[in-house]
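# Residue-level structural notes
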Amino acid sequence: MSIDPVQQWPLGEGLDPNRLECRFEDAKPPYTPAEALVEANRCLHCFDAPCVRGCPTAIDIPKFIAQISSGNLRGAAKTIFRQNMLGASCARVCPVEEMCAGACVYHALNGQPIAIGRLQRYATDVALADERASGRRLFSPASANGRRVALVGAGPASLACAAHLALAGVSASIYERDGLPGGLNTTAVAPYKMRAESSLAEVEWLLSHGVELRTDTTVGTDIAWPELMATHDAVFIGVGLGQARSLELEGPGVWGATELIRAIKNEPGFELPGDVRRAVVVGGGNTAIDVARELAMLGIAEVTLAYRRSRADMSAYAHEWAGARQSGVRLQTRLQPCRTVHHRQRLVGVVFQDAVNGREVELPCELLVVAAGQSPWAALVDAGIRLNADGTVWTQPETRATSLAGVYAGGDCVNGGKEVVDAAADGRIAAHAMLEEWGACG
Amino acid sequence: MADLSVEFCGIDSPNPFWLASGPPTNSGEQVMRAFDAGWGGAVWKTLGEPIVNLNSRFGALDIGGVKVAGFNNIELITDRPLSVNFREMAEVKRRHPDRALIASLMVESRAEWRDLIQRSEDAGCDGIELNFGCPHGMCERGMGSAVGQEPRVLAEITGWAKEFASVPVLVKLTPNVDDILVPGRAAVEARADGLSLINTIKSLIGVDLDRMAPLPSVAGEGTHGGYCGPAVKPIALHMVGALARDPGIDVPLSAIGGIATWRDAAEFMALGAANVQVCTSVMHKGYRIVEDLIEGLNEFLDAKGIASAAELVGQAVPNFREWGDLDLNYRIVADIDADRCIGCHLCYIACLDGAHQCIHTAQSPCGAWHGEPDHGQRPRATVLPPVRHEPRPGLTAQVPWVDEAECIGCNLCALVCPVPGCITMRESESSNERLSWKERSASADQKA
Ligand SMILES: Cc1cc2nc3c(=O)[nH]c(=O)nc-3n(C[C@H](O)[C@H](O)[C@H](O)COP(=O)(O)OP(=O)(O)OC[C@H]3O[C@@H](n4cnc5c(N)ncnc54)[C@H](O)[C@@H]3O)c2cc1C
Ligand SMILES: Cc1cc2nc3c(=O)[nH]c(=O)nc-3n(C[C@H](O)[C@H](O)[C@H](O)COP(=O)(O)O)c2cc1C
Ligand code: SF4
Ligand code: SF4
Ligand code: SF4
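The shown structure was predicted, so the numbers you read here are calculated from the model rather than taken from an experiment.

## Quick word on the overall build of chain B
- Broken down by element type, chain B carries 14 helices and 20 strands.
- Once the C-alpha set of chain B is aligned to its principal axes, its extents read approximately 80 × 60 × 50 Å.
- The buried share among the 448 residues of chain B stands at 53%.
- Pairs at least 24 residues apart make up 71% of the contacts formed inside chain B by residues separated by at least 6 positions.
- Working note: accessible area of chain B is about 20,700 Å², and carbon and sulfur atoms make up 52% of it.

## Digging into the site of ligand 5
- Around ligand 5 lies a shell of 13 residues, among which B:Cys341, B:Cys344, B:His345, B:Cys347 and B:Cys417 are the nearest.
- Classifying every residue of the shell around ligand 5 gives eleven nonpolar, two polar and no charged.

## As for the interface of chain A and chain B
- Across the boundary between the two partners, chain A contributes eleven residues, which contact 13 residues of chain B.
- Note on chain A versus chain B: buried area summed over both sides is about 1,000 Å², and carbon and sulfur give 64% of it.
- Per-class residue counts for the side of chain A that touches chain B are seven nonpolar, two polar and two charged.

## Looking at the packing of aromatic side chains
- Tallied over the full model, the rule gives nine aromatic pairs over all chains.
- Seen from their ring centres, A:Phe24 and A:Tyr192 are 6.3 Å apart, and the 45° between their planes marks the pair as tilted. With a gap of 168 residues between them, A:Phe24 in the loop between helix H1 (10-13) and helix H2 (33-42) and A:Tyr192 in the loop between helix H11 (184-187) and helix H12 (196-207) connect regions that are remote in the sequence. Each of the two residues, A:Phe24 as well as A:Tyr192, counts as buried.
- Taking 5.7 Å as the distance between ring centres and 65° as the angle between the ring planes, the aromatic pair formed by B:Phe8 and B:Trp18 counts as edge-to-face. Separated by ten residues along the polypeptide, B:Phe8 in strand S1 (residues 6-8) and B:Trp18 in strand S3 (residues 17-19) bring together distant segments of the chain.

## A word on the layout of surface pockets
Residues and elements named next belong to chain A.
- Of the voids in this model, the second largest pocket is the one considered here, and its volume is about 540 Å³.
- Residue lining of the second largest pocket: 26 residues in total, with Lys 28, Cys 94, Val 96, Glu 97 and His 319 positioned closest to the centre.
- Examining the composition of the lining of the second largest pocket, we find that four residues originate from one element, helix H9 (residues 116-134), more than from any other.
- Along the lines of polarity and charge, the residues of the lining of the second largest pocket split into twelve nonpolar, five polar and nine charged.
- Both domains that meet at the lining of the second largest pocket, namely domain 1 (15-134) and domain 3 (254-370), each give it at least three residues.

## Focus: helix H10 (residues 156-167) of chain A
Residue and element names in this part refer to chain A.
- In a regular helix each residue adds 1.5 Å, so twelve residues correspond to 16 Å; H10 covers 17 Å between its end C-alpha atoms and thus fits that length.
- Counting buried residues along H10, twelve of its twelve residues qualify, which places the element largely inside the surrounding structure.
- If you check which residues of H10 are buried, you get Pro 156, Ala 157, Ser 158, Leu 159, Ala 160, Cys 161, Ala 162, Ala 163, His 164, Leu 165, Ala 166 and Leu 167.
- Directly after H10, the chain includes Gly 169, whose backbone phi takes a positive value near 95°.

## So, the site of ligand 1
Residues and elements named next belong to chain A.
- The full set close to ligand 1 counts 33 residues, and Val 93, Glu 176, Leu 184, Lys 193 and Asp 412 are the nearest of them.
- Within the backbone of Val 93, one N or O atom sits 2.8 Å away from a nitrogen atom of ligand 1.
- Here an oxygen atom of ligand 1 and a side-chain polar atom of Arg 177 are 3.0 Å apart.
- For ligand 1, whose unbound accessible area comes to 990 Å², protein coverage reaches 93%.

## Overview of the confidence of the model for chain B
- Put simply, chain B has an average pLDDT of 95, and 100% of its residues get 70 or more.
- For this predicted complex, the interface confidence reaches an ipTM of 0.84, while the overall pTM sits at 0.89.

## Details of the domain arrangement of chain A
All names here are of chain A.
- Each assigned domain of chain A is listed here: domain 1 (15-134), domain 2 (148-242 + 375-438) and domain 3 (254-370).
- Each partner contributes to the roughly 2,400 Å² buried at the junction of domain 1 and domain 2, and carbon and sulfur atoms together form 67% of this total.
- Of all residues in domain 1, the largest losses of buried area upon contact with domain 2 belong to Met 85, Leu 86 and Val 93, amounting jointly to 29% of the total for that side.
- Between the two partners, domain 1 and domain 2, sit one salt bridge.
- Across the pair Glu 197 and Arg 19 runs a salt bridge, and its minimum N-O distance is 3.0 Å.
- Counting every contact that joins domain 1 to domain 2 gives eight residue pairs in polar contact (both at pLDDT 80 or more).
- Those elements that place two or more of their residues in the side of domain 1 that touches domain 2 are helix H5 (73-83), helix H6 (87-93) and H9.
- Residues of the side of domain 1 that touches domain 2, tallied by class, amount to 15 nonpolar, five polar and eight charged.

## Regarding helix H12 (residues 346-354) of chain B
- Burial analysis of H12(B) places seven of its nine residues in the buried class, which makes it a mostly covered element.
- Residues B:Leu346, B:Cys347, B:Tyr348, B:Ile349, B:Ala350, B:Cys351 and B:Leu352 constitute the buried set of H12(B).

## Some thoughts on the packing of helix H14 (residues 257-266) of chain A against helix H15 (residues 286-297) of chain A
Residues and elements named next belong to chain A.
- Two elements in contact, H14 and H15, have axes whose closest approach is 10 Å; the angle formed by their N-to-C orientations is 45°. In this view, H14 runs oblique relative to H15, as classed from their interaxial angle. Between H14 and H15 lies a crossing whose hand is left-handed. In this structure, H14 contributes Ala 257, Thr 258, Leu 260, Ile 261 and Ile 264 to the contact, and H15 contributes Thr 287, Val 291, Glu 294 and Leu 295.
- Class assignment of the residues belonging to the contact of H14 with H15 gives a composition of six nonpolar, two polar and one charged.

## Thoughts on the pairing of strand S12 (residues 367-370) of chain A
Residues and elements named next belong to chain A.
- The alternating pattern of S12 places Leu 367 and Val 369 and Leu 368 and Val 370 on opposite faces, both of which are buried.
- Sheet topology note: the strand S5 (residues 254-256)/S12 ladder contains three bridges and is parallel. Its bridge partner being in S12, Val 254 is matched across the sheet by Leu 368.
- Two elements, strand S6 (residues 278-282) and S12, share four bridges in a ladder whose sense is parallel. Paired with Val 280 across the bridge in S12 is Leu 368.

## Some remarks on the side chain of B:Arg57
All names here are of chain B.
- Its place among the elements puts Arg 57 in the loop between strand S4 (41-43) and strand S5 (58-63).
- A distance of 2.9 Å separates the side chain of Arg 57 from the backbone oxygen of Leu 54, its partner in a polar contact.
- Not counting residues up to four positions away in its chain, the partners in contact with Arg 57 are Asn 72, Asn 73, Ile 74, Glu 75 and Pro 216.

## Some points on the packing of helix H4 (residues 61-70) of chain A against H5(A)
Residue and element names in this part refer to chain A.
- Put simply, H4 and H5 touch, their axes get as near as 7 Å, and they point 165° apart. As judged from the angle between their axes, H4 and H5 are roughly antiparallel. Crossing hand, H4 versus H5: left-handed. Contacts from Lys 63, Phe 64, Gln 67 and Ile 68 of H4 reach H5 at Leu 73, Gly 75, Ala 76, Thr 79 and Ile 80.
- Tallied by class, residues from the contact of H4 with H5 come to five nonpolar, three polar and one charged.

What counts and how
Residues numbered from 1 in each chain as written. Chains lettered and ligands numbered in written order. Predicted model: local features only at pLDDT ≥ 70, side-chain atom pairs only at ≥ 80, totals over all residues. Heavy atoms only, no water. Helix = DSSP H or I, 4+ residues; strand = E, 2+ residues; numbered from the N terminus. Buried < 20%, exposed > 50% of the residue type's maximum accessible area, 1.4 Å probe, protein only. Contact = heavy atoms within 4.5 Å. Areas by Shrake-Rupley, 256 points an atom, 1.4 Å probe, with all protein chains shown as cover. Near = heavy atom within 4 Å. Nonpolar A, V, L, I, M, F, W, Y, C, P; charged D, E, K, R; others polar. Buried area = accessible area lost by both parts, 1.4 Å probe. Phe/Tyr/Trp six-rings, centres within 6.5 Å; stacked < 30°, edge-to-face > 60°. 1 Å grid on protein atoms, 1.4 Å probe; cavity = no way out; pocket = protein on both sides within 12 Å on 5 of 7 lines; lining within 4 Å. Points joined across faces, edges and corners; volume = space filled by probe spheres on them. Domains from an automatic or database assignment. Expected span 1.5 Å × (residues − 1). Polar contact = N/O pair within 3.5 Å; in protein donor to acceptor, adjacent residues only side chain to side chain. pLDDT = per-residue confidence, 0-100. Salt bridge = Lys/Arg side-chain N within 4 Å of Asp/Glu carboxyl O. Axes fitted to C-alpha atoms, helices over the stretch in contact; angles between N-to-C directions. Parallel < 35°, antiparallel > 145°, perpendicular 65-115°, else oblique. Left-handed = near helix turned anticlockwise from the far one by under 90°. Pairing = 2+ DSSP bridges.

Structure representation (structure tokens):
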């Protein structure tokens, strides 16, 4: 039985089947029913469970796992979605080792935490497949209550917010700059965790609760912020982060990490140049690790991660680095990039300065990828919204309300770049705050 | 190495582990393989007038992924010709003279009993077991538990068997009675040489919610059957113990019901069984389980310095008392080992909702009772707001602690804790003398 909810969904049909990301297999393939039962039956059903505290959306994990055990898979999926409407993508992309599963009591018992992400994927996949097959919806929206909310950006934060609002009877419209919705879930998440079609399938499902989506519409250019605010009861800002900060390494053979990942994931017919045998990735965060691992998995013989400080200073998660190393990525630390070396318009190497002895080292390569992180949107200042010193949007912690009345924000643009699940949590909190504000909370 | 050999009302076997009458003893080929595996004896699948079995006949109770915690069947006695069974029995006995071979019988008339007992002895059986236990199918024809539930009929047939048999006669009792002592005493008075128990318990194992029919489903219909397997062990233990401590029962007991491990066997023997019989666990895992039954019992006896299996028999019987004899002043309290605790809070919620509200936690607002210790004697008619505790000095926030003054020592928390040895029940000094309910009532009567 195939339980992946993908292909059937129309949005995904626009994706080219020849995308490079289609060559990746799932790093954590879906559970069979037998696997899911064995794992679910291990869960101790802790009270006040530490795993729930580890989940930013506070899904009642022992409850949904017990529902898998009892055979109530639709109930399990509802338990998940009530807290996190992006439960299907979170099941695939969450760094569970750092979150729910990282807190599981089994660490203390025998070192084998419950595979919460994979169980979550099982429950949501099976329930969504059942919903399609039977036509019985998991959730039906309340009747319209006349409220209208505009959401800016179709990434996880806005999608979660819009879905919760739609279920409460609010008319929610999302404005997205790109042609494809889903934000970084569609354009950036490592393809061995989730491919674009799964992200789009999830978006399609979320929209099916009555959310309106307008793609190719940039707020601030195509529609002015004040206009949006004037025509809606509330506005939610989920614009994510902006362009990567450049490290001033340029020329042929040099890519930004998010650019390259996006090409791998979304660009029809995209191929890595045939002569690339060695690649160097500059950076020490999760994005650098992701791109390095993707290149290694695509068959590039030598992939080197060059980081300017020590291994301990790397911001990437330990389990992510372990995965990259298993895929064959090598690490060189304390290397500060200086300049690229080109020969006849082709990249042949990168020169670094060794932070220990100050000497210059050249790493020969045909591809250089620079993962320099993303920065917040300065443009939001124009809309009159208060920003923090680091450029993130200031919000009230309990409500995600910004400094402007009726304007809320969440996701990467508020937290400076965390995870999908954090964006989903923000979206839900903001939706509930709006509903409470209007006395419409059901 | 302890001596595992046992003598059961004159029948010798190299160890106390016998196969109970059932599918594992259905044919000579099977019993020979069982003996090769190490079983000390076997009670042959019950013989009687040939019957026809249903095809779909077993059902099971699975609990949280544990398969066959309980088992249920609607199988009847042997469906193979008697002559074939007797020929196989003779061959088994010829090849395995040192093992106990028992013929289980169930027929109706005096003449039939005489005939089958004679043929069993001719085949070389060491004993006869009278099946008065089957709670389905056969009882509707006036046999099995229909006999076991009727002490007068039970005694009469036992009398016939004693009259015809020269080998020992065991009576297999049904648990489907109010008081096991009634059929037990009736069998002993009729000169039975030993008792075996329990046969299966009348049961209905489940309902097929698609076909809306009891399980096991026979063409979309079902009926009650006989329950056995690990889940019935406590019921069997109680009945074996009740007979063992009854002064009217002076014959050896063969314990049956849910035995799966050497520990189960040792418990039955400590409670008075001279040997044990196994059916479901072999149906589940095969004859090979006897290897650890033997080795485990051996290790246990050695560790305890008990020289033989026979010496273990009945050691716990004197401590099996009436409720009214137990000490009301005995006091224990739960003790949590913080180093082993994994922070699952199963003890907390169990005590909060299912016991005495005396385990506290600092991890989140604590909903437990926080009043003066009174063991629930004063009214508790409002829900108090949860309390925020500071973590206890020396304890990490997720380790709960016990309010010992309020703890009633019920054991619940220790039973639900998933970590072996994490919660122990510690004896706390009691200032009071031993006092049982009977003693207390007696002294109250005196005063009155
Ligand atoms: C390479 C990479 C890998 C990652 N891997 C993981 C992972 O494995 N697991 C995980 O949990 N998280 C991962 N993340 C982080 C995660 O993707 C983000 O935290 C999450 O997507 C944030 O959601 P968001 O809705 O806040 O923003 P985004 O996903 O960035 O979505 C914002 C959307 O707003 C649109 N937009 C922006 N400005 C405007 C405007 N003016 N008008 C209209 N639309 C606009 C954008 O086009 C975009 O679609 C990864 C991130 C990157 C970069
Ligand atoms: C499928 C099946 C068939 C049985 N057939 C008989 C039988 O023919 N005669 C008999 O005396 N007991 C029969 N029993 C009862 C067992 O001998 C035994 O008393 C009972 O199952 C409890 O032991 P256990 O928990 O080890 O299975 C049968 C049990 C099962 C499961
Ligand atoms: S901490 Fe682990 S065992 Fe406990 S409820 Fe969560 S997943 Fe289950
Ligand atoms: S022994 Fe019973 S009353 Fe005492 S702490 Fe444990 S559960 Fe509560
Ligand atoms: S049940 Fe055991 S492991 Fe769990 S919190 Fe209580 S003492 Fe700790």
